[in-house]
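# Structural description and commentary
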Amino acid sequence: MFTPLTDDIQVSPQISVDQIAVAKAQGVTLIINNRPDGEDPSAPQGDEIEAAAKAAGIDYVSIPVTHAGFSAPQVTAMIAALDKAEADGGKVLAYCRSGTRSTLLWSLAQAKQGANPAELTKVAANAGYDLSPIRPMLDALSGQVE
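Residues numbered from 1 in each chain as written. Predicted model: local features only at pLDDT ≥ 70, side-chain atom pairs only at ≥ 80, totals over all residues. Heavy atoms only, no water.

Now for the pairing of strand β3 (residues 28-33). Of all six residues making up β3, five are buried, and the element is well covered by its neighbours. By the bridge criterion, five bridges tie β3 to strand β5 (residues 91-95) in an arrangement that is parallel. In the strand pairing of β5, N33 is matched with Y95. Two elements, β3 and strand β4 (residues 59-62), share four bridges in a ladder whose sense is parallel. When the sheet's bridge partners are listed, I32 is paired in β4 with V61. (Buried < 20%, exposed > 50% of the residue type's maximum accessible area, 1.4 Å probe, protein only. Helix = DSSP H or I, 4+ residues; strand = E, 2+ residues; numbered from the N terminus. Pairing = 2+ DSSP bridges.)

So, on to the nonpolar core. Membership of the largest hydrophobic core comes to 28 residues, with the highest contact counts inside it found for I32, M78, L82, V92, W106, L131 and L138. Once you skip the residues sitting within four places of it in the chain, L82 turns out to touch I9, I32, V92, W106, A109 and Q110. Listed in part, the 13 residues of the second largest apolar core include F2, I49, I58 and Y60. (Core = buried A, V, L, I, M, F, W, Y, C linked by side-chain atoms within 4.5 Å. Contact = heavy atoms within 4.5 Å.)

Moving on: the packing of helix α5 (residues 117-126) against helix α6 (residues 135-142). Contact pair α5 / α6: the axes reach a minimum separation of 9 Å and the direction vectors enclose 135 degrees. The orientation of α5 with respect to α6, classified from their angle, is oblique. Contact residues: α5 offers P117, A118, L120 and T121, while α6 offers R135, L138, D139 and S142. Of the residues assigned to the contact of α5 with α6, the class counts are four nonpolar, two polar and two charged. (Axes fitted to C-alpha atoms, helices over the stretch in contact; angles between N-to-C directions. Parallel < 35°, antiparallel > 145°, perpendicular 65-115°, else oblique. Nonpolar A, V, L, I, M, F, W, Y, C, P; charged D, E, K, R; others polar.)

Moving on to the sheet that holds β3. The strand order across the open sheet built from five strands is β1-β2-β5-β3-β4, with neighbouring strands paired in mixed fashion. With partners counted over all chains shown, the strands left at the sheet margins are β1 (3-4) and β4, one partner each. Strand contacts of helix α2 (residues 46-55): β3, β4 and β5, with the helix running at about 160 degrees to β4, the strand carrying the most contacts.

Attention now goes to the packing of helix α4 (residues 100-112) against α6. For the pair α4 and α6, the least separation of the axes is 7 Å and the interaxial angle reads 25 degrees. Between α4 and α6, the interaxial angle falls into the category roughly parallel. Relative to α6, α4 is oriented so that their crossing is right-handed. Two secondary-structure elements touch here, α4 through S107, L108, A111 and K112 and α6 through M137, L138, L141 and S142. (Left-handed = near helix turned anticlockwise from the far one by under 90°.)

Another point: helix α3 (residues 72-87). End to end, α3 covers 22 Å across 16 residues, agreeing with the expected 22 Å (1.5 Å per residue, within 8%). For α3, the full list of buried residues reads Q74, V75, M78, I79, A81, L82 and A85. Buried residues of α3, seen end-on, are gathered within an arc of 165 degrees and therefore sit on one face of the element. Across from the buried face of α3, at angles greater than 90 degrees, the exposed residues are A72, P73 and A87. Considering only its buried residues, α3 is in contact with β2 (9-12), β3, β4, β5 and α4. G89 occupies a position one or two residues after α3 and carries a positive phi of about 75 degrees. (Expected span 1.5 Å × (residues − 1). Arc of directions from axis to C-beta.)

Scope: geometric values only; no functional claims are made or implied.
Dropping the structure here:
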């Protein structure tokens with residue numbers, strides 16, 4: 001149901017309120033919503049997921065990414081969210097429509113912190129995601145232009 005990128009980071013398509021209990025059982029301590037409210041009015045919106053997460057004792061943060069692309073503040077917010085989860089010793093579940101934007105934003109955050117773009121590309125590919133659309137950004141952020 002959730003796709004692991006690492007031992008501590010999972011991504012997913014849109015989650016339901018019912019899936020929050022599954023996430024909790026898997027040790028998730030932070031849910032990151034990368035989907036803007038209103039993108040699909042029939043899907044649970046951020047406030048519903050946030051309320052259910054908080055009721056389950058899971059932290060929640062919203063870093064919406066539209067199809068317009070990524071921004072430096074989004075990357076910075078993702079780094080801060082991931083750092084907090086790591087400091088708390090918990091697992092993260094990031095979701096959007098398909099899991100792609102969550103994977104791309106995670107990889108940009110990792111690259112900005114010096115991760116190797118080639119390794120990030122392998123991790124994403126192993127999870128079924130393609131980083132080639134943002135590879136130049138990964139290279140630039142990591143300082144490892146190949």
